[in-house]
Amino acid sequence: MFVWIGFYEIPPAVAKNVAQCCWDLGARHFDTAQAYGNEAELGQWVKESGIDRRQLFITTKLRNSNQPVEKALPSIRHSLELLQTEYVDCLLLHWPVPETRADAWRVLERVLDEGLARSIGVSNYQERHLTELLEHCAVKPAINQIELSPFTYTREVVRACNENHIAVEAYSPLTRGLLLGDPTLVAVAQHYQRTPAQICLRWCLQKGFIALPRSKSPDHIRENLDVFTFQISPQDMATLDGLHRSL
């Protein structure tokens, strides 16, 4: 597992600089979405950088308003135009919209078959949404992207993903900064001479989750990527597990 970089709330004006910083520091996965409004800037960076497309893993997401069948495929093709690529490595349904999610998934299966995406998945799916999808889909989702940190996630969703071999991707693994001052987390971080953010990310990786932090700060990006040279002990992992608060 490795840390991927999220582009949620990355303003278009700085998106190219953030992408270049992430690349320079070793990131190779860039997670954006139609709703984020920065696909075009990420695409411009890819083109201007001259980086071999095969060295990048790019994810985007189908926004809710584009899930109706008549909008879905045209909007996906438009995303590819903005990203200046012939394919994305992963395409996700952003939310399980009740009226459109079933038909939208069939569009994603078509996109996969046509080679416009190399994998497809979902985001914000709870256990009941996964059960519904798995009963009717031709292709299982490769990923379920959910809010997840030592403090906040739905264990039933993680269990359902594990049982069905669906990778779990953690967005907001740093609690949007809200809980990084928790005394227990701070104490564990001090023991390893690491930051609370690094402990959260390392916890994700040792759990087998794909961590998806985001930042505009080069220092924080560097910090987020420096999580591979230490190991949290089983005892401290159990302590971090105890921080869990049910959603």
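Residues numbered from 1 in each chain as written. Predicted model: local features only at pLDDT ≥ 70, side-chain atom pairs only at ≥ 80, totals over all residues. Heavy atoms only, no water.

With that settled, the discussion passes to helix α2 (residues 39-49). Along an α-helix, a turn takes 3.6 residues, which lines up residues three or four apart on a common side. Of the positions making up α2, those classed as buried are E39, E41, L42, G43, W45 and V46. Looking at the packing, one finds that the buried side of α2 touches α1 (12-24), β2 (29-31), β3 (57-62) and α3 (69-83). (Buried < 20%, exposed > 50% of the residue type's maximum accessible area, 1.4 Å probe, protein only. Helix = DSSP H or I, 4+ residues; strand = E, 2+ residues; numbered from the N terminus. Contact = heavy atoms within 4.5 Å.)

A few words on the side chain of T32. Mapped onto the secondary structure, T32 falls in the loop between β2 and α2. Here N38 takes part through its side chain, which lies 2.6 Å from a polar atom of the side chain of T32. (Polar contact = N/O pair within 3.5 Å; in protein donor to acceptor, adjacent residues only side chain to side chain.)

The next thing to look at is the packing of aromatic side chains. Tallying each qualifying case throughout the model produces seven aromatic pairs. Arranged with centres 5.9 Å apart and planes meeting at 55 degrees, the rings of Y153 and W203 form a pair that is tilted. Residue Y153 is located in the loop between β6 (143-147) and α6 (155-163), and its partner W203 is located in helix α8 (residues 196-207); the two are separated by 50 residues in the primary sequence. The class for Y153 is buried, based on a relative accessible area of 6%. Grouping aromatic residues by their ring pairs yields a cluster made of F7, F30 and W45. Looking at R202, its charged tip hangs above the ring of F230, at a distance of 6.0 Å from the centre. (Phe/Tyr/Trp six-rings, centres within 6.5 Å; stacked < 30°, edge-to-face > 60°. Lys NZ or Arg CZ within 6 Å of the ring centre and 35° of its normal.)

This part is about the environment of V139. Tracing the chain through its elements places V139 in the loop between α5 (127-136) and β6. Along the chain, V139 and S217 lie 78 residues apart, while their C-alpha atoms are 38 Å from each other. Beyond its immediate chain neighbours, meaning those up to four positions away, V139 contacts W105, E109, L112 and I120.

In total, this model carries 13 salt bridges according to the counting rule given. Across the salt bridge formed by D31 and K61, the nearest N and O atoms sit 2.5 Å from each other. Highlighted residues: D31 in strand β2 and K61 in strand β3, separated in sequence by 30 residues. We note that D31, like K61, is buried. The structure contains a network of salt bridges with shared partners spanning R77, R110 and E114. (Salt bridge = Lys/Arg side-chain N within 4 Å of Asp/Glu carboxyl O.)

Any link to function would need more than the numbers given here.
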